[in-house]
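# Structural characterization, general
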Amino acid sequence: MNDRNDVRHRAYDKKGPIVARNFNKRGFEATYCPTVEKALEQAVSYIPPDHVVSWGGSVSIDEIGLRPYVAEHNHVINRDTATTPEERLELMRRALLCDTFIMGTNAATEDGQLFNVDGNGNRVAALAYGPKQVIVIAGMNKFAPTVEAAMIRARSTAAPINVQRFTGTKTPCYVTGMCGHCKTPDSICAQLLRTRVCRPAGRIKVIIVGEEIGF
C-alpha cells in the first residue's frame, strides 16, 4: 500500500514485532503485518468457511478489506440489514454468540493491552465474552506507551472522530470535535474496557498493521 522505505514505516517494521511479542506474553495470538494486504491474508487464515461472522462498528476492518471478504465468503450477522430497531437489537444480540467477531480497537498499549470505549456495549461485550474467537485489527497509529495514554487516545482522538459517523448525535464531541466527558444519553463512551490478558489464551487474535488505519 505504501512505500516501505518511508521512515515512518521503517520504524513501524521495527516496533510492530516487539509489540506483537508483548501481546503474546499476555495470552493473545498476535501477529505483525507490514501492509494491509498482508493483514487481510492473516485475518482470512483465521476464519474457517463454516464460521458465522459478525462485527462491531469499525473502519479498520473495512480499510483492510476484511468485512467485504467475510460478507462474500461466510454467513454473516449484519445489523445494518435490519428494517426495524427491534430487529437491529436482535441481530446485535445474536452476534454475541457468533463464531468469529471482527473489530478494530480504539487504542492499545505498547506492552500488549487493548483499550476500547463503546456506546451500546455490544462491541466490548463480544470482545470480553461470547464469540468463539475475536479478531482485532490494529493500525500502528492506535498504540500508546501507557494505559493512561491509551485512554486519552480512545476518548480524545478516536471518539470525537468516530461520532461524526452518526448524524443527529447530540454529544459535545459531535458538536465541538473534542471530548466533553459527557453523561448524555447519546454518549459513545458509556462503556470502557481494558483488556490486559486474553483468557482463554489465543481466543483474541490481534493483527497489528504497519499502516495508519482507522481512527
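Note that the structure is predicted; figures quoted are calculated from it, not measured.

What counts and what doesn't
Residues numbered from 1 in each chain as written. Predicted model: local features only at pLDDT ≥ 70, side-chain atom pairs only at ≥ 80, totals over all residues. Heavy atoms only, no water. Pairing = 2+ DSSP bridges. Helix = DSSP H or I, 4+ residues; strand = E, 2+ residues; numbered from the N terminus. Contact = heavy atoms within 4.5 Å. Axes fitted to C-alpha atoms, helices over the stretch in contact; angles between N-to-C directions. Polar contact = N/O pair within 3.5 Å; in protein donor to acceptor, adjacent residues only side chain to side chain. Core = buried A, V, L, I, M, F, W, Y, C linked by side-chain atoms within 4.5 Å. Buried < 20%, exposed > 50% of the residue type's maximum accessible area, 1.4 Å probe, protein only. UniProt positions renumbered as here; feature names shortened; annotations may be inferred.

For the rest of this paragraph, the subject is the sheet that holds strand 6 (residues 114–118). Across the sheet, 4 strands lie side by side as 8-5-6-9; this open sheet has mixed pairing. At either end of the open sheet lies a strand with only one pairing partner, and these are strand 8 (143–144) and strand 9 (191–195). Helix 1 (residues 7–25) rests against strand 5 (107–109), strand 6 and strand 8 of the sheet, and its axis sits at about 85° to strand 5. Of the strands in this sheet, strand 5, strand 6, strand 8 and strand 9 are in contact with helix 7 (residues 147–162), which crosses strand 5 at around 170°.

A few words on the side chain of T35. Within the secondary structure, T35 is located in the loop between strand 1 (29–33) and helix 2 (36–46). Within the local environment of T35, its side chain forms a polar contact with the backbone nitrogen of K38, the two atoms lying 3.2 Å apart.

With 28 residues, the main nonpolar core has F23, I204 and I208 as its most contacted residues. Listed by contribution, the elements that provide at least two residues to this core are helix 1, strand 1, helix 5 (85–95), strand 4 (100–104), helix 6 (122–128), strand 7 (133–139) and strand 10 (204–209). Of the residues forming this core, the biggest block, 4 residues, is contributed by helix 1. Here I204 is in contact with F28, E29, L114, L127, V134, V136, T195 and C198, once residues within four sequence places are set aside. Grouped together as the second largest cluster of nonpolar side chains are 18 residues, I61, I64, V70 and I135 included.

The subject of this paragraph is the environment of T81. Here T81 is to be found in the loop between strand 3 (75–77) and helix 5. Here the alpha-carbon distance between T81 and G57, two residues 24 residues apart in the chain, equals 14 Å. Not counting residues within four places of it along the chain, the set of residues in contact with T81 comprises E87 and L91. At 2.7 Å, the side chain of T81 and the backbone oxygen of N78 are in polar contact.

With 5 of 5 residues buried, strand 4 lies mostly within the body of the structure. Neither face of strand 4 is exposed, since T100, I102 and G104 on one face and F101 and M103 on the opposite face are all buried. The sheet contact formed by strand 4 and strand 7 spans 5 bridges and is parallel. Bridge pairing in strand 7 places I102 opposite I135.

Summarizing the sequence annotation, UniProt attributes the feature "domain: LUD" (unreviewed entry) to residues 20–209 in the numbering used throughout. With 36% helix and 24% strand, residues 20–209 has end C-alpha atoms that lie 10 Å from one another.

For A43, the position within the fold is in helix 2. Taking the C-alpha atoms as reference points, A43 and R153, separated by 110 residues in sequence, lie 25 Å from one another. The residues touching A43, leaving out its near neighbours within four places in the chain, are L66, I135, I137 and I207.

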